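Listed here are the chains, written in short residue letters.
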Amino acid sequence: MKVIKMNNIDTSLLILGSGPAGCTAAIYAARADLKPTLVHGIQPGGQLTITTDVENYPGFASPIQGPWLMEQMIDQAKVVGCDVVEDNIVEVDFETKPYKFYTSNKKVFSAKSVIISTGASAKWLGLETEKQFTGFGVSACATCDAFFFKDKVVVVVGGGNTAVEEALFLTKFASKVILIHRRDKLRAEKVLQKRLFSNNKVEIIWNSIVSEIKGQSSPKKVKSIKIKNLNDKSYADLNIDGIFIAIGHKPNTNLFINKLDLDQEGYIKTKNQIFTNIPGVFAAGDVHDKSYRQAVTAAGYGCMAALEAEKFLTSIEN
């Protein structure tokens with residue numbers, strides 16, 4: 001039998017995920033001399049790495065690029081003393097102390113405390129052309145990108161609360177918002193539906209799906225979409241400037257099923273915003289926050305988690 005040698009690494013604080021929450025936690029923890037270790041995860045830098053212009057992160061008067069912002073955060077974490085590891089955690093063990101974390105590269109991290117900031121991922125339509133134009137007219141966050149569609153025609157795909165809220169928010173900027181839903185009625189709360197139906201900037205296309213997103217390559221941007229009517233199977237082209245996919249988010253918590261308390265949607269349950277049901281295990285950012293999902297709020301949660309991790313580590317050492 002082949003014996004696989006595991007590389008064991010001890011750390012007082014392990015941070016999972018390198019988005020705004022994880023990087024902020026790393027910065028605060030390193031400055032507190034906790035000597036933290038941050039593991040990148042499957043998407044180094046988080047969702048901001050697929051965002052082009054960022055205009056709502058404090059401190060920058062001009063638009064900045066999402067990937068650049070995350071590079072700066074990760075570099076800052078390294079400069080102040082955080083050990084950043086490019087790897088992916090594939091198994092966790094909260095039954096032992098210190099807690100154990102196994103990676104795809106055969107490393108085993110032992111940590112007295114952990115901050116989980118693995119984030120959430122937007123649910124996408126699964127179209128090849130969707131990937132092609134993500135960040136160039138295709139978005140999953142109206143709060144992040146609505147500003148770029150002033151006086152433009154945009155589409156929102158979905159029928160739940162998120163889709164209706166995104167559509168209503170977009171009416172503050174776009175000249176027209178077209179909501180496309182695969183059914184003949186919305187799932188959103190009635191009060192939201194009432195606001196949507198009474199807004200003269202909104203048009204609704206029922207019983208339809210987006211089958212293709214079309215655009216140009218230079219400069220890269222969305223120009224139109226092809227929609228399919230599910231009743232008569234007919235197709236139609238629609239000229240638009242942008243499309244927002246609002247069919248929900250999925251927290252990146254598969255690792256923690258039956259390991260931590262999760263809600264019905266898979267988000268980590270927390271008390272006092274960041275405390276999980278296991279001592280010394282904290283959650284920060286979109287992995288538990290399904291209300292705001294902003295870079296700046298994720299960073300705030302990362303800060304809180306690091307401060308509480310310091311208190312926890314001090315308490316078990318005294």
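Residues numbered from 1 in each chain as written. Predicted model: local features only at pLDDT ≥ 70, side-chain atom pairs only at ≥ 80, totals over all residues. Heavy atoms only, no water.

Note that Cys141 resides in the loop between strand 10 (138-139) and helix 4 (142-145). When the C-alpha atoms of Cys141 and Ala246 are compared, they prove to be 7.9 Å apart, with 105 residues separating the residues in sequence. Leave out the neighbours within four places in its chain, and Cys141 touches Glu166, Phe244 and Gln294. (Helix = DSSP H or I, 4+ residues; strand = E, 2+ residues; numbered from the N terminus. Contact = heavy atoms within 4.5 Å.)

On to the packing of aromatic side chains. Evaluated as defined, the whole model comprises seven aromatic pairs. The interplanar angle of 50° and the centroid separation of 5.5 Å between the aromatic rings of Phe169 and Phe173 together place this pair among those described as tilted. The exposure class assigned to Phe169 is partly exposed, which follows from its relative accessible area of 26%. Between Phe275 and Phe282, the ring centres sit 5.5 Å apart and the planes meet at 65°, which makes this aromatic pair edge-to-face. Classification of Phe282 by relative accessible area gives buried; the value is 2%. Taken together, the ring pairs in this structure connect Phe94, Tyr99 and Phe101 into an aromatic cluster. Over the aromatic face of Tyr235 sits the side chain of Lys226, whose NZ or CZ is 5.8 Å from the ring centroid. (Phe/Tyr/Trp six-rings, centres within 6.5 Å; stacked < 30°, edge-to-face > 60°. Buried < 20%, exposed > 50% of the residue type's maximum accessible area, 1.4 Å probe, protein only. Lys NZ or Arg CZ within 6 Å of the ring centre and 35° of its normal.)

Bringing the sheet that holds strand 14 (residues 208-217) into the picture now. Hydrogen bonding along the main chain pairs the strands of a sheet, whether they run parallel or antiparallel. With respect to topology, three strands assemble into an open sheet ordered 14-15-16, the strand pairing being antiparallel. What marks the edges here is a single partner per strand, and that holds for strand 14 and strand 16 (235-239). The mean angle between the axes of side-by-side strands here comes to 25°, regardless of whether they run parallel or antiparallel. Pairing geometry for strand 15 (residues 220-229) and strand 16, over five bridges, is antiparallel. Considered in strand 16, the bridge of Lys228 is made with Tyr235. (Pairing = 2+ DSSP bridges. Axes fitted to C-alpha atoms, helices over the stretch in contact; angles between N-to-C directions.)

We now examine the pattern of salt bridges. The full count for this structure, using the stated rule, is seven salt bridges. When salt bridges that share partners are traced, they join Asp263, Glu265 and Lys290 into one network. (Salt bridge = Lys/Arg side-chain N within 4 Å of Asp/Glu carboxyl O.)

A surface patch of like charges, here positive, comprises Lys123, Arg182, Arg183, Arg187 and Lys250. With respect to the element layout, Lys123 can be found in the loop between strand 9 (120-122) and helix 3 (128-132). (Patch = residues over 30% accessible without salt bridge, like charges linked within 9 Å, V, L, I, M, F, W, Y side chains within 5 Å. Areas by Shrake-Rupley, 256 points an atom, 1.4 Å probe, with all protein chains shown as cover. Lys, Arg positive; Asp, Glu negative; His and termini not counted. Charge placed at Lys NZ, Arg CZ, Asp CG, Glu CD.)

Counting residues in hydrophobic clusters, the biggest one holds 34 residues, and the most contacted among them are Leu13, Ile15, Cys82, Ile115 and Phe282. Those elements that provide at least two residues to this core are strand 1 (7-16), helix 1 (20-31), helix 2 (66-79) and helix 7 (295-317). Aside from chain neighbours lying at most four places away, what touches Phe282 is Ser113, Val114, Ile115, Ile116, Ile274, Phe275, Thr276, Ala305, Glu308, Ala309 and Phe312. (Core = buried A, V, L, I, M, F, W, Y, C linked by side-chain atoms within 4.5 Å.)

This next bit is on the sheet that holds strand 10. Within the open sheet, the five strands sit side by side as 10-17-11-12-13. Their pairing is parallel. In the strand order of this sheet, the two ends are held by strand 10 and strand 13 (202-205), each with one partner. Pairing geometry for strand 10 and strand 17 (residues 242-245), over two bridges, is parallel. The partner of Ser139 across the bridge, within strand 17, is Phe244. Lying over the sheet, helix 5 (residues 161-170) contacts strand 11 (153-157), strand 12 (176-180) and strand 17, oriented at roughly 170° with respect to strand 11.

This part takes up the packing of helix 1 against helix 7. In contact at an axis separation of 7 Å, helix 1 and helix 7 are set at 35° when each is read in the N-to-C sense. Considering only the axes of helix 1 and helix 7, their crossing is right-handed. Two secondary-structure elements touch here, helix 1 through Pro20, Ala21, Thr24, Ala25, Tyr28 and Ala29 and helix 7 through Ala295, Ala298, Ala299, Gly302, Cys303, Ala306 and Leu307. (Left-handed = near helix turned anticlockwise from the far one by under 90°.)

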